[in-house]
Amino acid sequence: MGMVAFNYQDIAIREACWISGKPYFTRRSIGEWLEYKYPQEAIDKIIQRNPHISDSRWSTQVKLTCVEGDRNVSRNIDVHDPIGLQLIVFESRQPKAVAYKIAVANLVWAYMNGTLKPSKWSRKGDLVAAARQVMSLPCSHKRGALMRDLAEREGCSLCTMYRRVRKATGKRMRKAVRSDKGRPLN
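All of the points below concern the structure found in this document. Note that the structure is a prediction, hence the values are computed from the model and not measured. (Residues numbered from 1 in each chain as written. Predicted model: local features only at pLDDT ≥ 70, side-chain atom pairs only at ≥ 80, totals over all residues. Heavy atoms only, no water.)

### What about a nonpolar patch on the surface?
Here is step 1: Among the surface-exposed residues, V108, W109, Y111 and M112 lie close enough to one another that they form a single nonpolar patch of about 530 Å² accessible area.
Here is step 2: In this fold, Y111 is placed in helix 4 (residues 95-113). (Patch = residues over 30% accessible without salt bridge, like charges linked within 9 Å, V, L, I, M, F, W, Y side chains within 5 Å. Areas by Shrake-Rupley, 256 points an atom, 1.4 Å probe, with all protein chains shown as cover. Salt bridge = Lys/Arg side-chain N within 4 Å of Asp/Glu carboxyl O. Helix = DSSP H or I, 4+ residues; strand = E, 2+ residues; numbered from the N terminus.)

### Points about helix 2 (residues 39-49)
Here is step 1: What helix 2 keeps buried is the set P39, A42, I43, I46 and I47. End-on view of helix 2: buried residues confined to an arc of 135°, all on one side of the axis. Across helix 2 from its buried face, at more than 90 degrees, point the exposed residues Q48 and R49.
Here is step 2: At its buried positions, helix 2 is contacted by helix 1 (27-33), strand 5 (71-80) and helix 3 (82-91). (Buried < 20%, exposed > 50% of the residue type's maximum accessible area, 1.4 Å probe, protein only. Arc of directions from axis to C-beta. Contact = heavy atoms within 4.5 Å.)

### A closer look at the pairing of strand 5
On any regular strand, side chains alternate: one points to one face of the sheet, the next to the other face.
Here is step 1: In terms of strand pairing, strand 3 (residues 22-26) meets strand 5 through 2 bridges, oriented antiparallel. Residue pairing across strands places T26 opposite V79, the latter belonging to strand 5.
Here is step 2: Note: strand 4 (residues 59-68) against strand 5, 10 bridges, orientation antiparallel. Across the sheet, the residue bridging to K63 is N76, located in strand 5. (Pairing = 2+ DSSP bridges.)

### A look at the sheet that holds strand 5
Here is step 1: Across the sheet, which stays open at both edges, the 5 strands sit in the order 1-2-3-5-4 with antiparallel pairing between neighbours. If you trace the sheet from one side to the other, it starts and ends with strand 1 (4-8) and strand 4, each paired once. With direction set aside, neighbouring strand axes in the sheet form an average angle of 55°. (Axes fitted to C-alpha atoms, helices over the stretch in contact; angles between N-to-C directions.)

### Side note on the packing of helix 3 against helix 4
When two helices pack together, you describe them by how their axes are tilted relative to each other and by the distance separating the axes.
Here is step 1: Here helix 3 crosses helix 4 at 115°, and the two axes come no closer than 8 Å. With respect to their mutual orientation, helix 3 and helix 4 come out roughly perpendicular. Of the two elements, helix 3 crosses helix 4, and the hand of that crossing is left-handed. Residue-level inspection shows Q86, V89 and F90 of helix 3 in contact with helix 4, the latter providing A97, Y100, K101 and V104.
Here is step 2: Taken together, the residues of the contact of helix 3 with helix 4 break down into 5 nonpolar, 1 polar and 1 charged. (Parallel < 35°, antiparallel > 145°, perpendicular 65-115°, else oblique. Left-handed = near helix turned anticlockwise from the far one by under 90°. Nonpolar A, V, L, I, M, F, W, Y, C, P; charged D, E, K, R; others polar.)

Set out below in structure tokens:
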């Protein structure tokens, strides 16, 4: 299994691997992202104080092969999924962790308060990726529901969203025709 960089908005983690479509992060890379002087040791100490973070629901071991000198060496490395990452960050007192905790608290408050609004697409590539996903589905009720979700997220009408998807993908979409019982016909 190979390690790759993970970048999402303000989170840039140097070592990640993907398991079943979910990113997993090494302890060292989490510590580096949190800007610890000794990243591996700092995260090990957090996990030692909070053993629930090592739960198999949020972490696993992967076997990595690396070259040391003139030979290949295999090691088992603990990696943590996004929930495990957040549990580690919540236990940290680094400035980046404190800023992250405040952002999460504001998000939870906005959700509880009912003021959380769906964000606009940050880049055209996001709309194109979503449009391609919609176009990969067969013409059905599921595709229509996804189009309604996209329209609501973008804050536009369903017809406008269909036009945007057609423009983004260069393909004309056929709307699902429904039978008397409300099921799509295919």
